[in-house]
Amino acid sequence: MSWTPSREDFDRYMLPNYSPQRVIPVRGEGSRLWDQQGREYIDFAGGIAVNGLGHCHPKLVEALREQSEKVWHLANVYTNEPALRLAKSLVEKTFADRVFLCSSGGEANEAALKLARRYAHDTAGAHKDRIVSFRQSFHGRTFFTVSVGGQPKYSQGFGPVPGGIVHGEYNDLATARELINDDTCAVIVEPMQGEGGVTPATPEFLEGLRQLCDDHAALLIFDEVQCGVGRTGELYAYMRYGVVPDILTSAKALGGGFPIGAMMTTEEIARVFVVGTHGSTYGGNPLGSAVALAAVEEISRPEVLAGVAERSARFRQHLEALNETYGCFREIRGMGLLLGAEFNASFGERGRDVLAASIDEGLMLLVAGPNVLRFAPSLVISPEEIDEGMARLDRALSTLTG
Ligand SMILES: *Cc1c(COP(=O)(O)O)cnc(C)c1O
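What you see is a predicted model; the values in this text were computed from it and never measured.

Analysis parameters
Residues numbered from 1 in each chain as written. Predicted model: local features only at pLDDT ≥ 70, side-chain atom pairs only at ≥ 80, totals over all residues. Heavy atoms only, no water. Helix = DSSP H or I, 4+ residues; strand = E, 2+ residues; numbered from the N terminus. Expected span 1.5 Å × (residues − 1). Buried < 20%, exposed > 50% of the residue type's maximum accessible area, 1.4 Å probe, protein only. Contact = heavy atoms within 4.5 Å. Domains from an automatic or database assignment. Buried area = accessible area lost by both parts, 1.4 Å probe. Salt bridge = Lys/Arg side-chain N within 4 Å of Asp/Glu carboxyl O. Polar contact = N/O pair within 3.5 Å; in protein donor to acceptor, adjacent residues only side chain to side chain. Nonpolar A, V, L, I, M, F, W, Y, C, P; charged D, E, K, R; others polar.

Enquirer: Tell me what's going on with helix H13 (residues 302-326), and back it up with residues and numbers.
Expert: Over its 25 residues, H13 runs 37 Å from end to end, which matches the ideal 36 Å to within 8%, given 1.5 Å per residue. Residues of H13 that are buried include every one of Val304, Leu305, Gly307, Val308, Arg311, Ser312, Phe315, Leu319, Leu322 and Asn323, and no others. Here the buried face of H13 lies against helix H12 (286-299), strand S13 (329-335), strand S14 (338-343), strand S17 (372-375) and helix H15 (383-401). Directly beyond the C-terminal end of H13, a positive phi value near 55° is found at Gly327.

Printed below as a string of structure tokens:
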């Protein structure tokens, strides 16, 4: 037990499908983390929009501890109280009538796509199987979801991809209109693309997709795995747009760091998933459900949701100021606390360099592609932590450009 793992052990024991930073965080509290040497970091990454309430939020710790002394796991041979409480809460807070629980975002999208195919199959016939998605989108890494995603570099080289999937341009209603027809069973879209570069949908795009889906009896799926659960200042981004999907997927901040996913839909659509059509061993696991219920209840508090806009404005002010100093950004975009700052051509594709320089200054950041800095902090990060983190980013940019 005296052995302490190091970053080199990643290269020794783990599959080389990631390239983690060289520091290993060992403890977190709110929007701060500490590494093995006790160095402190401000966290603007939030575990890729997962730690919506920061690290070790007291309400989540309490929910986990309490449930951990009752029952950890039952499988879906039984139901359990935390899963039912979570499902009731999500139904009461959203358009949905029914909830399917699983363990990740990819799994939630897999369920959504299968449900859409099955619904079309049962109500219209087997020919209605086309799925419309958009370039630069990200929907997960299962083979179906990665094929539906709009980034071929993630789906190529694994053999034949599932058929019946077409891709349009994001925020371009004209090409969507060409692709969506009576053979379309579903249109899947992120109301704000996260991995693809932090790009919000225009209201006209989502409204137009809703109309096209209605015209062709296709289901509209909103993938809110990254942009949902308070990130935009509403519990779900669809509420901000006033466009209601038929199926909504949620994960990431839903569990605040505990792996959980959810797919939500209406009574009418849900009924085609009869006993045996789909399942997940860990779906609705009591531990995950208890933590997610605590996260959803906390993030739904009006003070927490209202605080997102203030914090977002503070982030933007700092980014504008950095841009005045360094002239590095072409565009600062996003909504709420999912923000992106795209480098201009003269600064170049130096996202990874900025991440490394920021680590040296005690700041954790994200990128979304080679030339976009991405900010997905805790929704309850303090103004002081935002200021301090931005001072560290300033020093990192100064070192890089100096
Ligand atoms: C992260 C993400 C997923 C995949 O979620 P996992 O939990 O990694 O499976 C799907 N869709 C979007 C929009 C995401 O950001």
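Enquirer: Give me the domain arrangement of the chain: which residues, what numbers.
Expert: With domains assigned, the chain is organised as domain 1 (7-56 + 302-401) and domain 2 (70-299). Taking the mean C-alpha position of each, domain 1 and domain 2 sit 27 Å from one another. Taken residue by residue, the interface counts 24 residues in domain 1 and 25 residues in domain 2. The largest per-residue losses of area from domain 1 upon contact with domain 2 belong to Leu305, Met335 and Leu338, which jointly make up 32% of the total buried on that side. For Arg374, the salt bridge goes to Glu195, with nearest N and O atoms at 3.0 Å. Counting the contacts that link domain 1 with domain 2 gives seven residue pairs in polar contact (both at pLDDT 80 or more). Contributing elements (two or more residues each) for the side of domain 1 that touches domain 2: helix H2 (46-49), H13, S13, S14 and S17. Tallied by class, residues from the side of domain 1 that touches domain 2 come to 16 nonpolar, six polar and two charged.

Enquirer: Describe in detail the pattern of salt bridges, supporting the description with residues and values.
Expert: Tallying each qualifying case throughout the model produces 28 salt bridges. When the shortest N-O distance is used, the salt bridge between Asp9 and Arg12 registers 2.7 Å. With Asp9 and Arg12 both in helix H1 (residues 7-13) and three residues apart, this pair spans about one turn of that helix. Asp9 gets classed as buried once you look at its relative accessible area, which sits at 7%. Since its relative accessible area comes to 55%, Arg12 is described here as exposed. Residue Arg210 pairs with Asp246 through a salt bridge whose shortest N-O separation is 3.0 Å. In this pair, Arg210 is assigned in helix H9 (residues 203-215) and Asp246 in the loop between helix H10 (237-241) and strand S11 (247-250), connecting sequence segments 36 residues apart. Judged by its relative accessible area of 14%, Asp246 is buried. Members of the salt-bridge network, linked through shared partners, are Arg32, Glu40, Glu385, Glu388 and Arg392.

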